[in-house]
Amino acid sequence: MKTITAKIKQVIWATPLFLTLLSPVSSQALTVEEVPNPQQLNGTWVTDMANILSDSTEAQLNQTLSELEAKNGTEIAVVTVPETAPAESPKAFTTKLFNYWGIGKADEDNGVLFLISKGDRRVEIETGYGIEAILPDAKVGRIIDSQIIPKFKQGDFDSGTLAGTKALAVAIEPTVFPQESTSTFPWQLPLGGALALGLGVGTYVSRRRRVLVKPEGKTRTQEHPHRNHPLHCADCKQRLEKLDAITLQSKLTQPEKVAQKIGSIRFEGWRCPRCHPHLKGVHIFAYICDSSDFGKCPTCKELTVTRRIKKVLRESTWNQEGKQLVHQDCHCCAYQEEVTEAIPCLKPPSNAIFLKPNARSQEPRRFNPDWNHSPKHCADCKYPMQLMGKLLRS
């Protein structure tokens, strides 16, 4: 592995493993220098000092991680240790080991360390800045809670380690954006005769070969450019170059770094090598996460707030909004607040048929062939209607 001298992201998730099946281990003082580096020994990715993984599991892990590194250069090391003493904490041990081994490519900072401390009953996952946007705290937390902890609680370290590693690899591997036939981007004018829709918005069809972008600026959007259709400078038509993760970090404000860390925004930076050869000007794209879990801080003016429903004060009905108490907490400043928000009314399905509560309809099937299969709702209060019985013709 190459040594990373640039800054790395601090450990992004740590969780205690309250495992009743774990037996206490004897105290064994261990330093990071004593942990064998598998890349230096035999070019593999797993070090099992705690002896909790089978040979077949190690083989599967090494195959998965070797394939991932061959595809996009990402390096994931899996390490188990009896305990992390005499380190200050499992987190401190993991950070030091990550730095000591230099996991990841030096120019991309794309390393991940998945560490299991049997004696401490801890899982620690540390990433470089190049992985931070792909694996924010929330996503890593979900992987640990859903893929690793349930298996570990059953004493199945092989399955938990395999499932967690594969989940990390799957999250990292799709480095290209999904391919679509047509996408709308508000920051460029497409080449090749694409139609302008007003206000600088263009429709980019997949057959277009280039997309023009101003060499300086910031764009916030939920759309993603296609990897197969590269971005070009709108001034000189030169193809733009993507900033590496470390350089991108230097271009972001502190609130933007925090937003990227919690997963509310994913940032990308692009520069024109002809117009701005010395990085004097770049274009930053902020891809906004479409989730109600995040909010904008009134102080930081960025999506640095996580939102959590604390209590439902009133359930919503078909014709009345509900109310809920939401706790808002900014991860960049001291802003905290509890607000009362409305819960939208229940919505009838799109194929619902609305009927007047006091009326008669003659042979409705003749006018609506889906009568038997569509739910009936009251036209006044929107509540579902119940079938009382069949009326017989006299």
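To be clear, the structure that these remarks concern was listed above.
Treat the numbers as computed from the prediction; the structure is a model and nothing was measured.

## Notes on the sheet that holds strand β15 (residues 305-314)
Moving on, step 1. If you walk across this open sheet you meet the four strands as β14-β15-β16-β17, and the pairing is antiparallel. Across the chains shown, the open sheet's two edge strands, defined by having one partner strand only, are β14 (294-295) and β17 (336-343).
Moving on, step 2. As judged from the eight bridges shared by β15 and strand β16 (residues 322-330), these two strands associate in the antiparallel manner. In the strand pairing of β16, Arg307 is matched with Gln328.

## Side note on the pairing of β16
Moving on, step 1. Taken across its nine residues, β16 has seven buried, putting it largely inside the fold.
Moving on, step 2. As paired strands, β16 and β17 are joined by eight bridges and run antiparallel to one another. For Leu325, the partnering residue across the bridge sits in β17 and is Thr340.

## Focus: the nonpolar core
Moving on, step 1. Val112, Phe114, Val123, Ile125, Leu135 and Leu168 are the most contacted members of the largest nonpolar core, which totals 30 residues.
Moving on, step 2. At the level of secondary structure, the elements contributing two or more residues to this core comprise α2 (55-72), β3 (75-81), β4 (111-117), β5 (122-127), α5 (137-153) and α6 (157-172).
Moving on, step 3. Sorting elements by how many residues they give to this core places α6 first, with seven residues.
Moving on, step 4. Here Phe114 is in contact with Ala77, Val78, Val79, Val123, Glu124, Ile125, Ile148, Thr161, Gly164, Thr165 and Leu168, once residues within four sequence places are set aside.
Moving on, step 5. Within the second largest apolar cluster, 13 residues are counted, among which are Leu30, Val79, Leu97 and Phe98.

## Considerations on the packing of α2 against α6
Moving on, step 1. At their nearest, the axes of α2 and α6 sit 10 Å apart, and the two run at 5° to each other. Here α6 runs roughly parallel to α2, going by the angle between their axes. Where α2 approaches α6, its residues Thr57, Gln60, Leu61, Thr64, Leu65, Leu68 and Asn72 are matched on the opposing element by Asp158, Thr161, Leu162, Thr165, Lys166, Ala169 and Ile172.

## Comments concerning the pattern of salt bridges
Moving on, step 1. Enumeration over the complete set of coordinates arrives at 13 salt bridges.
Moving on, step 2. In this structure, Glu241 engages Arg271 in a salt bridge whose closest nitrogen and oxygen atoms are separated by 2.8 Å. Taken as a pair, Glu241 in strand β11 (residues 241-242) and Arg271 in strand β12 (residues 265-271) lie far apart in primary sequence, 30 residues in all.
Moving on, step 3. Between Lys310 and Glu338 there is a salt bridge, with the nearest N and O atoms lying 2.6 Å from each other. Note that Lys310 is positioned in strand β15 and Glu338 in strand β17, a separation of 28 residues in sequence.
Moving on, step 4. Here the residues in one salt-bridge network are Glu69, Glu75 and Lys105, joined through shared partners.

## Considering the sheet that holds β11
Moving on, step 1. Spatial strand order, β9-β13-β12-β11: four strands in an open sheet with mixed pairing. Sheet topology places β9 (217-221) and β11 at the edges, where each strand pairs with a single neighbour.
Moving on, step 2. As paired elements, β12 and strand β13 (residues 283-288) share six bridges and run antiparallel to each other. Bridge pairing links Glu268 to Phe285 in β13.

## Some thoughts on the environment of Ile52
Moving on, step 1. Relative to the helices and strands, Ile52 resides in the loop between β2 (46-48) and α2.
Moving on, step 2. Using a relative accessible area of 11% as the deciding quantity, one classes Ile52 as buried.
Moving on, step 3. As for Ile52 and Gly155, which are separated by 103 residues in sequence, their C-alpha atoms are 9.7 Å apart.
Moving on, step 4. Not counting residues within four places of it along the chain, the set of residues in contact with Ile52 comprises Thr80, Ile116, Lys118, Phe157 and Asp158.

How each quantity is defined
- Here the residue numbering is sequential within each chain, running from 1 through the sequence in written order.
- Only residues with pLDDT of 70 or above have their local features reported here, since the model is predicted, and side-chain atom pairs are shown and tallied only from 80 upward, although totals for entire chains, interfaces and linings are computed over all residues.
- Side-chain measures here rest on the full set of heavy atoms in the structure, leaving out hydrogens and waters.
- At least two bridges found by DSSP between two strands are what make those strands a pair.
- Helical segments are the DSSP runs of H or I of at least four residues, strand segments are the runs of E of at least two, and each set is numbered from the N terminus.
- Accessibility here uses a 1.4 Å probe with only protein chains present; expressed as a share of the type maximum, an area under 20% marks a residue as buried, one over 50% as exposed, and anything in between as partly exposed.
- Side-chain atoms within 4.5 Å link the members of a nonpolar core, which is a set of buried Ala, Val, Leu, Ile, Met, Phe, Trp, Tyr and Cys residues.
- We call two residues in contact whenever any of their non-hydrogen atoms come within 4.5 Å of each other.
- Interaxial angles span 0 to 180 degrees and are taken between N-to-C directions of axes, which are lines fitted to C-alpha atoms, for helices over the stretch in contact.
- Roughly parallel means an angle under 35 degrees; roughly antiparallel, over 145; roughly perpendicular, 65 to 115; everything else is oblique.
- We define a salt bridge as a side-chain nitrogen of Lys or Arg found within 4 Å of a carboxyl oxygen belonging to Asp or Glu.

Interpretation note: all reported values are geometric properties and have no functional meaning in isolation.
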